[in-house]
Amino acid sequence: MPFLKLKKLWRKVCTETSIEISLLSENWKFLLAGIVFQYIHGLAAHGVHYLHRPGTILQDAGFFLLPELGEDKAYISETVFTFIFGSFVLWTFHPFVFQSKRIYTVLIWCRVLAYLVASQILRILTFYPTQLPGPNYHCREGSKLATLPPPESALEVLLINFPKGVMYGCGDLIFSSHMIFTLVFVRTYQKYGTRRCLKQFAWLLAVFQSILILSSRKHYTVDIVVAWYTVNLVAFFVDKKLSEMPDRPAAYAPTPLLPLSSRDKDGKNREEHHKFVGEVSMDSPN
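Position labels on residues start from 1 in each chain and follow its written sequence. Residues qualify for local features only when their pLDDT is at least 70, as the model is predicted, and side-chain atom pairs are given and counted only at 80 or more; totals for whole chains, interfaces and linings, by contrast, use all residues. To get the side-chain values, all heavy atoms of the structure are used, and hydrogens and water are removed first.

Caption draft 1: Spotlight on the overall build of the chain. Along the backbone of the chain there are 10 helices and 0 strands. Starting at the N terminus, the α and β elements of the chain follow one another as α-α-α-α-α-α-α-α-α-α. The buried share of the chain, taken over its 286 residues, is 43%. Considering only contacts in the chain between residues 6 or more positions apart, those separated by 24 or more positions represent 86%. Of the roughly 16300 Å² of accessible surface on the chain, a fraction of 68% belongs to carbon and sulfur atoms. Helix and strand assignments follow DSSP, with helices taken as H or I runs no shorter than four residues and strands as E runs no shorter than two, numbered in order from the N terminus. Here's how the labels work: a residue is buried when its accessible area is under 20% of the maximum for its type, exposed when over 50%, partly exposed in between, all with a 1.4 Å probe on protein chains only. Should any heavy atoms of two residues lie within 4.5 Å, those residues are counted as being in contact. The Shrake-Rupley method, run with a 1.4 Å probe, gives the accessible areas here. Residue values count only the displayed protein chains as cover.

The following block contains the structure:
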């Protein structure tokens, strides 16, 4: 029995892989561009650190209302973000394993990267014109990490001083990058997920993450508020521009009372594969 289950799982993975490879061959340029832009966004965030000058923390309603967690508990918000990030990534790959599915992994990541890139472009255009004094502990006056000396070479800038430069950046405040990712992931699951309770839980996590970021003094309240309405507006307009993803043939089909035979399953998988290969070009981002 375990061997038969593994055999069925392997067949399912292979079938799904062949479908996703067809999609990847049509959309790899969009995925590659989105991934490359993640580096460009990181480079821009690192670059603004050279312009950052620490100063008095600005008056903030969120700081007044929410207790400060302290530097030793700053990891809590990062832990929640890692959970959100990891859970979403795993969900996008569930079609390779589970029978019940309504998304294609390649297409969902094309859409997610479109949301991210559009939001990050707006973010870069926002935090470069005006640098606010960072409220985070390593960005305050007296911290050696609050300012960066002029780079000695272009390579130093291009390498973003990884990973220290990513973890201890300053100046890239409006608006929160963590909230961009969180809201894009939550909003995507809201649209394409199937479990109502998980959708509600995801939105609660997004609110909780916002509170944790403020309590950790990693961002001002304006950074969080702007992220909430900007990401949702960006997603709205991106959805208007991109054609909707096609429904999987078995996405809304009722569960059969009896298990399908291997012959029926193979025929169903072939039908899904041929149907999608014919439609994939129609769904490529414009």
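Caption draft 2: Structural context of the nonpolar core. Note on terminology: a nonpolar core comprises buried Ala, Val, Leu, Ile, Met, Phe, Trp, Tyr and Cys residues joined through side-chain atoms within 4.5 Å. Counting residues in each nonpolar core, the largest one holds 48 residues, and the members touching the most others are Trp91, Ile108, Trp109, Val112, Leu116, Val184 and Phe185. Listing elements by their share of this core, those giving two or more residues are helix 1 (2–49), helix 3 (75–92), helix 4 (105–127), helix 7 (177–192), helix 8 (196–215) and helix 9 (221–241). By size, the runner-up hydrophobic cluster in this structure holds 6 residues, among which are Phe37, Ala44, Val117 and Phe127.

Caption draft 3: Looking closely at the packing of helix 3 against helix 7. Contact geometry for helix 3 and helix 7: axes closest at 10 Å, N-to-C directions at 40°. As for the relative orientation of helix 3 and helix 7, their crossing is left-handed in sense. Packed against helix 3, whose contacting residues are Glu78, Phe81, Ile84, Phe85, Phe88 and Trp91, the element helix 7 presents His178, Phe181, Thr182, Phe185, Thr188, Tyr189 and Tyr192 at the interface. Three classes are used, and their members are as follows: Ala, Val, Leu, Ile, Met, Phe, Trp, Tyr, Cys and Pro are nonpolar, Asp, Glu, Lys and Arg are charged, and the others, Gly among them, are polar. Counted by class, the contact of helix 3 with helix 7 contains 9 nonpolar, 3 polar and 1 charged residues. Working convention: axes come from line fits to C-alpha atoms, limited for helices to the stretch in contact. Angles between N-to-C directions cover 0 to 180 degrees. In a left-handed crossing the near helix is turned counterclockwise from the far helix by less than a right angle, and in a right-handed crossing that turn is clockwise.

Caption draft 4: Focus on the state of the cysteines. The disulfide definition used here is simple: a pair of cysteine sulfur atoms within 2.5 Å. Per the counting criterion, the structure on display carries 1 disulfide. Paired through a disulfide, Cys139 and Cys170 show a sulfur-sulfur distance of 2.0 Å. With the S-S bond torsion at -95°, the cross-link from Cys139 to Cys170 turns out left-handed. Placement of the pair is Cys139 in the loop between helix 4 and helix 5 (154–158) and Cys170 in the loop between helix 6 (164–167) and helix 7, with a sequence separation of 31 residues. Assigned by exposure class, Cys139 and Cys170 land together as buried.

Caption draft 5: Inspection of helix 9 at higher detail. Here helix 9 is 21 residues long and its end C-alpha atoms lie 31 Å apart, about the 30 Å a rise of 1.5 Å per residue gives. Of the positions making up helix 9, those classed as buried are Asp223, Ile224, Val226, Ala227, Thr230, Val231, Val234, Ala235, Val238 and Asp239. The inward-facing, buried residues of helix 9 abut helix 4, helix 7 and helix 8. Here the expected length of a helix is defined as 1.5 Å per residue gap, with one fewer gap than residues.

Caption draft 6: Spotlight on unusual backbone geometry. Cis geometry marks the peptide bond from Ile174 to Phe175; its omega dihedral reads 5°. By secondary structure assignment, the location of Phe175 is in the loop between helix 6 and helix 7. Even without glycine at this site, Arg217 takes up a positive phi of about 60°.

Caption draft 7: Structural context of the packing of aromatic side chains. Pairing of aromatic side chains here covers Phe, Tyr and the six-membered ring of Trp, requires ring centres within 6.5 Å, and sorts the geometry by plane angle: under 30 degrees stacked, over 60 edge-to-face, intermediate tilted. All told, the structure shown has 15 aromatic pairs when counted by the stated rule. Arranged with centres 5.7 Å apart and planes meeting at 80°, the rings of Phe88 and Trp109 form a pair that is edge-to-face. Note that Phe88 is positioned in helix 3 and Trp109 in helix 4, a separation of 21 residues in sequence. Accessibility expressed as a relative area gives 5% for Phe88, which makes it buried. Pairing Phe181 with Phe185 gives two aromatic rings, centres 6.0 Å apart and planes at 65°, and the pair type is edge-to-face. Within this pair, Phe181 and its partner Phe185 are both found in helix 7, separated by 4 residues, close to a single helical turn. The same class applies to Phe181 as to Phe185, namely buried.

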